[in-house]
Amino acid sequence: MNRLTHIQQIRQRLGSGGRSIGSWMQIPHSSVAEIMGQAGYDWVAVDMEHGAVSAHQLPDLFRALELGGTLPLVRLAQGSTKDCKQALDAGAGGVIVPMVESAQQLRDVRDVCRWPPAGRRGVGFSRANLFGKHFDAYRDEAQAPLLVAMIEHVRAADSLETILAVEGLDAVLIGPYDLSASMGLTAQFDHPDFASVMDRVLVQTSQHRIACGIHVVAPSPAQLAQRIAQGYRFIAYSIDAVLLNGAAAVPRPEV
């Protein structure tokens, strides 16, 4: 697949007020990635923060996703220079940055994701440019991979205006469990204080014309439709393991 074309398509869709629906992977197996890649998502994020995924597994996972025309993304473990370089050199089309709390933190991650002159990521042959075969063609992609910031702490919500002003930010993705925990309201998603912060994030992102994202964890078409109606435009729909758990459960019919 042409990653740059897919990146541009997603970026243009989000920039024009449209939406992009992807999913999440925590099981590091290429057959699972192949299934997810054929499921019709715009992108699938391989989870290196909470998933048991190693850097050496990324190329095979990405190849399997790309077979279905699905853009591979990575949720970074931390956002260190090493994390960014390994994910992007392996062929990720962009990164989801966990626990962003300030504009400077996001700018630092952005810069180590980009080749010069746009950033300061190390330049070299890698799987992303087919080990030099497509080196020149990769230059454009390496100038601006997709950049998604996770809003997972009340401090991030309080600093959102400056975070949203960071050049190159494509979307934010709310992490409701961590965000609620940072407020002392772990998983109390109906609490009015938590709902108020969620609404504030949604309003501010709309004002800045930055796509706001949410994770629909349980595979519920009704909830997905509800989130879209609320204005969320960068949506992660369920997780490979959650999908498997739901489908694999033994039915217990009443006798």
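Note: the structure precedes this text.
Residues numbered from 1 in each chain as written. Predicted model: local features only at pLDDT ≥ 70, side-chain atom pairs only at ≥ 80, totals over all residues. Heavy atoms only, no water.

Q: Looking at this structure, how should I read the overall build of the protein?
A: Along its length, the protein carries twelve helices and eight strands. Taken over C-alpha atoms, the radius of gyration comes to 18 Å for the protein, in line with the 18 Å a tight globule of 255 residues would show. Projected onto its principal axes, the C-alpha positions of the protein cover 60 × 50 × 30 Å. Of all 255 residues assigned to the protein, the portion counted as buried reaches 48%. Contacts in the protein between residues far apart in sequence, at least 24 positions, make up 61% of those at least 6 positions apart. Here the protein displays about 11700 Å² of accessible surface, and carbon together with sulfur accounts for 52% of that area. Looking at charge distribution, the protein has the averaged site of its 22 positive side-chain charges lying 6 Å from that of its 25 negative ones. (Helix = DSSP H or I, 4+ residues; strand = E, 2+ residues; numbered from the N terminus. Rg over C-alpha atoms; globule rule 2.2 N^0.38 Å. Buried < 20%, exposed > 50% of the residue type's maximum accessible area, 1.4 Å probe, protein only. Contact = heavy atoms within 4.5 Å. Areas by Shrake-Rupley, 256 points an atom, 1.4 Å probe, with all protein chains shown as cover. Lys, Arg positive; Asp, Glu negative; His and termini not counted. Charge placed at Lys NZ, Arg CZ, Asp CG, Glu CD.)

Q: What is the right way to look at the packing of aromatic side chains in this model?
A: The geometry of two aromatic rings is summed up by the distance between their centres and the angle between their planes. The final tally for this structure, using the stated rule, is six aromatic pairs. Measuring from ring centre to ring centre gives 5.1 Å for Trp-115 and Tyr-138, while their planes differ by 80°; the resulting arrangement is edge-to-face. Remark: Tyr-138 occurs in helix α6 (residues 135-143) and Trp-115 occurs in the loop between α5 (103-113) and α6; sequence separation between them is 23 residues. Taken as a pair, Trp-115 and Tyr-138 share a single burial class, namely buried. Considering the side-chain rings of Phe-189 and Phe-194, the 5.5 Å spacing of their centres and the 45° angle between planes classify their relative orientation as tilted. Following the ring pairs from residue to residue traces out a cluster consisting of Trp-115, Phe-125, Phe-135 and Tyr-138. (Phe/Tyr/Trp six-rings, centres within 6.5 Å; stacked < 30°, edge-to-face > 60°.)

Q: Explain a nonpolar patch on the surface to me, please; I cannot follow it from the model alone.
A: Nonpolar side chains collect at one region of the surface, where Phe-125, Leu-130 and Phe-131 lie side by side and expose about 350 Å² of accessible area between them. Its location among the elements puts Phe-131 in the loop between α5 and α6. (Patch = residues over 30% accessible without salt bridge, like charges linked within 9 Å, V, L, I, M, F, W, Y side chains within 5 Å. Salt bridge = Lys/Arg side-chain N within 4 Å of Asp/Glu carboxyl O.)

Q: What's the story with the packing of helix α4 (residues 81-89) against α5 in this structure? I'm lost.
A: Two quantities define a packed helix pair, namely the angle between the helix axes and the distance between the axes. The interhelical angle for the contact between α4 and α5, taken along N-to-C directions, is 40°, at an axis separation of 9 Å. Between α4 and α5, the angle is such that the two are oblique. The handedness of the crossing between α4 and α5 is right-handed. Taken together, the residues of α5 that come into contact with α4 (itself represented by Thr-81, Cys-84 and Leu-88) are Val-109, Val-112 and Cys-113. Here the residues of the contact of α4 with α5 sort into five nonpolar, one polar and no charged. (Axes fitted to C-alpha atoms, helices over the stretch in contact; angles between N-to-C directions. Parallel < 35°, antiparallel > 145°, perpendicular 65-115°, else oblique. Left-handed = near helix turned anticlockwise from the far one by under 90°. Nonpolar A, V, L, I, M, F, W, Y, C, P; charged D, E, K, R; others polar.)

Q: What is the right way to read the nonpolar core from this model?
A: If you look at soluble globular proteins, the nonpolar side chains tend to sit buried side by side. In this structure, Val-74 and Leu-106 are the most contacted members of the largest nonpolar core, which totals 60 residues. Apart from the residues lying within four places of it in its own chain, the contact partners of Val-74 are Val-46, Met-48, Leu-58, Phe-62, Ala-87, Ala-92, Gly-94, Val-95 and Ile-96. With 18 residues, the next largest nonpolar core counts Trp-43, Leu-71, Leu-173 and Ala-211 among its residues. (Core = buried A, V, L, I, M, F, W, Y, C linked by side-chain atoms within 4.5 Å.)

Q: I'm lost on the side chain of Asn-129 in this one. Help?
A: The residue Asn-129 is located in the loop between α5 and α6 in this model. On the basis of relative accessibility, which here comes to 0%, the residue Asn-129 falls in the buried class. Setting aside anything within four residues of it in sequence, one finds Asn-129 in contact with Trp-115, Gly-124, His-134, Phe-135 and Tyr-138.

Q: Sorry, what's going on with the pattern of salt bridges here?
A: Opposite charge on two side chains makes pairing possible when the charged atoms of those side chains draw close. Throughout the structure, instances matching the rule amount to 16 salt bridges. Between Arg-63 and Asp-60 there is a salt bridge, with the nearest N and O atoms lying 2.6 Å from each other. With Arg-63 and Asp-60 both in helix α3 (residues 58-67) and three residues apart, the pair spans about one turn of that helix. Among the residues examined, Arg-63 registers a relative accessible area of 38% and is labelled partly exposed. In this structure, Arg-121 and Asp-89 form a salt bridge, with 2.8 Å as the shortest nitrogen-oxygen distance. One end of the pair, Arg-121, is in the loop between α5 and α6; the other, Asp-89, is in helix α4, and 32 residues separate them in sequence. With a relative accessible area of 2%, Arg-121 lands in the buried category. Where salt bridges share partners, they join Arg-110, Asp-111, Arg-114, Arg-120 and Glu-167 into one cluster.

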